[in-house]
Amino acid sequence: MFAPDFSTFDQVMKVAKTLADFESARKSLGDKTVGFVPTMGALHEGHASLIRRAVAECDAVVVSDFVNPTQFNNKTDFETYPRILDQDCAFVEAIGAAVLFAPRVEDIYPAGTDYDQRIFDLGGLDQYGEGPRRPGHFNGMAQVVTRLFDIVRPDRAYFGEKDFQQLAIIEYFVKNLHYPIEIVRCPIARAEDGLALSSRNKLLTPAQRAAAPHIYACIRQTANMVGKMPVAEAVRKTTELIDAEPQLRTEYVEIINSLNLRPVSSWDEAEHLRLTCAVYAGEVRLIDNIALK
Ligand code: PAF
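The shown structure was predicted, so the numbers you read here are calculated from the model rather than taken from an experiment. (Residues numbered from 1 in each chain as written. Predicted model: local features only at pLDDT ≥ 70, side-chain atom pairs only at ≥ 80, totals over all residues. Heavy atoms only, no water.)

**Looking at the packing of helix α2 (residues 45-57) against helix α4 (residues 85-95)**
Working step 1: Running from amino to carboxyl end, α2 crosses α4 at an angle of 35°, the nearest separation of the two axes being 9 Å. Of the two elements, α2 crosses α4, and the hand of that crossing is right-handed. The segment α2 lies against α4, with E45, A48, I51, R52 and V55 engaging F91, V92 and I95.
Working step 2: When the residues that make up the contact of α2 with α4 are grouped by side-chain class, the tally is six nonpolar, no polar and two charged. (Axes fitted to C-alpha atoms, helices over the stretch in contact; angles between N-to-C directions. Helix = DSSP H or I, 4+ residues; strand = E, 2+ residues; numbered from the N terminus. Left-handed = near helix turned anticlockwise from the far one by under 90°. Contact = heavy atoms within 4.5 Å. Nonpolar A, V, L, I, M, F, W, Y, C, P; charged D, E, K, R; others polar.)

Next comes the structure, spelled out in structure tokens:
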């Protein structure tokens, strides 16, 4: 019986589950322009939009699928983070990626279970917002992203603006460490009801999922407060609006300078302002942000 050799077709995605497998897959890409979409798996339409854009702009796309232990400051969050590799493989292949890299912890951190001791210069961009609330998170993120960049050696890497602070920090260290990689900013992908897409949404109960779009509905209202009341009052009002939904509990709302990420105290303190927030629905922590000006 005729058995086609799919290995000769570009569109058949390679799944590399070890560093050695990945290195041989990477070699086969030769000097193609490589786009890279790093993920922690449990892929959704938000990841799909990044992968689609990378496929449209690059010759070959690598997607990584690795739940990085060093960026979790909460053990339960790490343990409960959704892991669905088989579904992820089918999802990524259908969009047209060339390689899915799903390494083992020892491939990324060969020095062992103490992981990585490297401390990164994050340009002070980790001092506000998520930084103090998730100690060690951004350094752990920089450890894995630099390790992945060194292994994948992409020409371009694609990140979503939902993790607005992460994106600014990555841009900073890519420049600071002279990585020859173009960082491509991609807009937040939202469900039809406005909820920012996130792997953590899979952990919401039906009641929490129904309540969660309230976050975006509230932060959109803040855009109408710009210049009409003091910044501190807009922060307080937005927090009250979010917390009026019994399923939700605001951890913080900040109005920040979009460039240096510092909270501002007046509307004219910076040319570009952004509202960022973290909100709990039960134990699930959701983040979102919106440009104000
Ligand atoms: O944004 C994420 O999913 C993660 O922080 C990243 C960039 C894949 C690093 O683990």
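**Observations concerning helix α7 (residues 137-152)**
Owing to its 3.6 residues per turn, the α-helix aligns residues three or four sequence positions apart on the same side.
Working step 1: Between its first and last C-alpha atoms α7 spans 22 Å; for 16 residues at 1.5 Å apiece the expected length is 22 Å, and the two agree.
Working step 2: Across the 16 residues that make up α7, a large majority, 14, are buried.
Working step 3: The first or second residue beyond α7 is R153, which carries a positive phi of 50°. (Expected span 1.5 Å × (residues − 1). Buried < 20%, exposed > 50% of the residue type's maximum accessible area, 1.4 Å probe, protein only.)

**As for empty space enclosed by the protein**
Working step 1: Scanning all chains against the criterion turns up one cavity of 30 Å³ or more.
Working step 2: A volume near 60 Å³ is recorded for the largest cavity.
Working step 3: Mapped onto the lining of the largest cavity, the elements with two or more residues apiece are α10 (214-222) and β9 (284-291).
Working step 4: Examining the composition of the lining of the largest cavity, we find that three residues originate from one element, β9, more than from any other. (1 Å grid on protein atoms, 1.4 Å probe; cavity = no way out; pocket = protein on both sides within 12 Å on 5 of 7 lines; lining within 4 Å. Points joined across faces, edges and corners; volume = space filled by probe spheres on them.)

**Considerations on the side chain of D65**
Working step 1: By the element assignment, D65 lies in strand β3 (residues 60-65).
Working step 2: Buried and unpaired, D65 has no salt bridge, with R83 as the nearest side chain of opposite charge at 8.1 Å. (Lys, Arg positive; Asp, Glu negative; His and termini not counted. Salt bridge = Lys/Arg side-chain N within 4 Å of Asp/Glu carboxyl O.)

**Notes on the site of the ligand**
Working step 1: In the region of the ligand, the neighbouring residues are P38, T39, M40, Q71, V144, V145, F159, D163 and Q166.
Working step 2: Between the ligand and Q71, the relevant distance is 2.6 Å, taken from an oxygen atom to a side-chain nitrogen or oxygen of the residue.
Working step 3: In this structure, Q166 approaches the ligand through a side-chain N or O atom, which is 2.7 Å from an oxygen atom.
Working step 4: Out of a free accessible area of 290 Å², the ligand has 88% covered by protein chains.
Working step 5: Mapped by element, the contributors of at least two residues to the shell around the ligand are β2 (34-39) and α7.
Working step 6: Here the shell around the ligand is composed, by residue class, of five nonpolar, three polar and one charged. (Near = heavy atom within 4 Å. Polar contact = N/O pair within 3.5 Å; in protein donor to acceptor, adjacent residues only side chain to side chain. Areas by Shrake-Rupley, 256 points an atom, 1.4 Å probe, with all protein chains shown as cover.)

**Section: the packing of aromatic side chains**
Working step 1: Here the structure, examined in full by the defined rule, presents seven aromatic pairs.
Working step 2: Plain terms: the ring middles of F22 and F101 are 4.5 Å apart, the flat faces sit at 35° to each other, and that makes the pair tilted. One end of the pair, F22, is in helix α1 (residues 19-28); the other, F101, is in strand β4 (residues 99-101), and 79 residues separate them in sequence.
Working step 3: According to the relative accessible area criterion, F22 is buried, its value standing at 0%.
Working step 4: Where F149 meets Y179, the ring centres are 5.6 Å apart and the plane angle is 70°; that geometry is what we call edge-to-face. Highlighted residues: F149 in helix α7 and Y179 in the loop between α8 (164-176) and β6 (182-186), separated in sequence by 30 residues. (Phe/Tyr/Trp six-rings, centres within 6.5 Å; stacked < 30°, edge-to-face > 60°.)

**Here we look at the sheet that holds strand β1 (residues 14-16)**
Working step 1: Spatial ordering of the open sheet is given by β1-β4-β3-β2-β5-β6, a layout of six strands whose pairing is parallel. Only two strands of the sheet have a single partner each, and these edge strands are β1 and β6. Direction aside, the axes of adjacent strands within the sheet are offset by 25° on average.
Working step 2: Direction of pairing for β1 relative to β4: parallel, over a ladder of three bridges. Bridge pairing links V15 to L100 in β4.
Working step 3: Strands β2, β3, β5 (156-160) and β6 of the sheet are contacted by α2, whose axis makes an angle of about 155° with β5. (Pairing = 2+ DSSP bridges.)

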